[in-house]
Amino acid sequence: MAEDDFRRWEREFEGERGRSPGGRGLVLVAGLTAAGCAALIAMGDVPLGAAGLVLSSIVLLLWRIGM
């Protein structure tokens, strides 16, 4: 019996252990970016830190949804 195409397509995106590839990298990048922007805000450069947080969250959202 032939395997259905949808299951084959799902397996390409799951990776070996059932997780999406790049999941840990995404969390690491998000954490480092947030820490860097928080450091900018703490050093007194609030507009640059806030702009960094907004832009990085947009980029990470688009990365997560695959665009």
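Predicted model, so just to flag it, every value in this text is computed and none were measured. (Residues numbered from 1 in each chain as written. Predicted model: local features only at pLDDT ≥ 70, side-chain atom pairs only at ≥ 80, totals over all residues. Heavy atoms only, no water.)

Secondary structure summary: the chain contains three helices and zero strands in total. Counted from the first residue to the last, the chain has its helices and strands arranged as α-α-α. Counting across all 67 residues of the chain, residues that qualify as buried make up 7%. Summed over its atoms, the accessible surface of the chain is roughly 5,500 Å², and 68% of this surface lies on carbon and sulfur atoms. (Helix = DSSP H or I, 4+ residues; strand = E, 2+ residues; numbered from the N terminus. Buried < 20%, exposed > 50% of the residue type's maximum accessible area, 1.4 Å probe, protein only. Areas by Shrake-Rupley, 256 points an atom, 1.4 Å probe, with all protein chains shown as cover.)

Right, let's get into a nonpolar patch on the surface. A cluster of nonpolar side chains, Val54, Leu55, Ile58, Leu61, Leu62 and Ile65, forms an exposed patch at the surface whose accessible area comes to about 560 Å². Along the chain, Leu62 falls in helix H3 (residues 46-65). (Patch = residues over 30% accessible without salt bridge, like charges linked within 9 Å, V, L, I, M, F, W, Y side chains within 5 Å. Salt bridge = Lys/Arg side-chain N within 4 Å of Asp/Glu carboxyl O.)

With that settled, the discussion passes to the confidence of the model for the chain. Chain-level pLDDT for the chain is 78 on average; 72% of the residues reach the 70-or-more range. Element-level pLDDT for the chain is lowest in helix H1 (residues 5-14), with a mean of 69, against a maximum mean of 88 in H3. (pLDDT = per-residue confidence, 0-100.)

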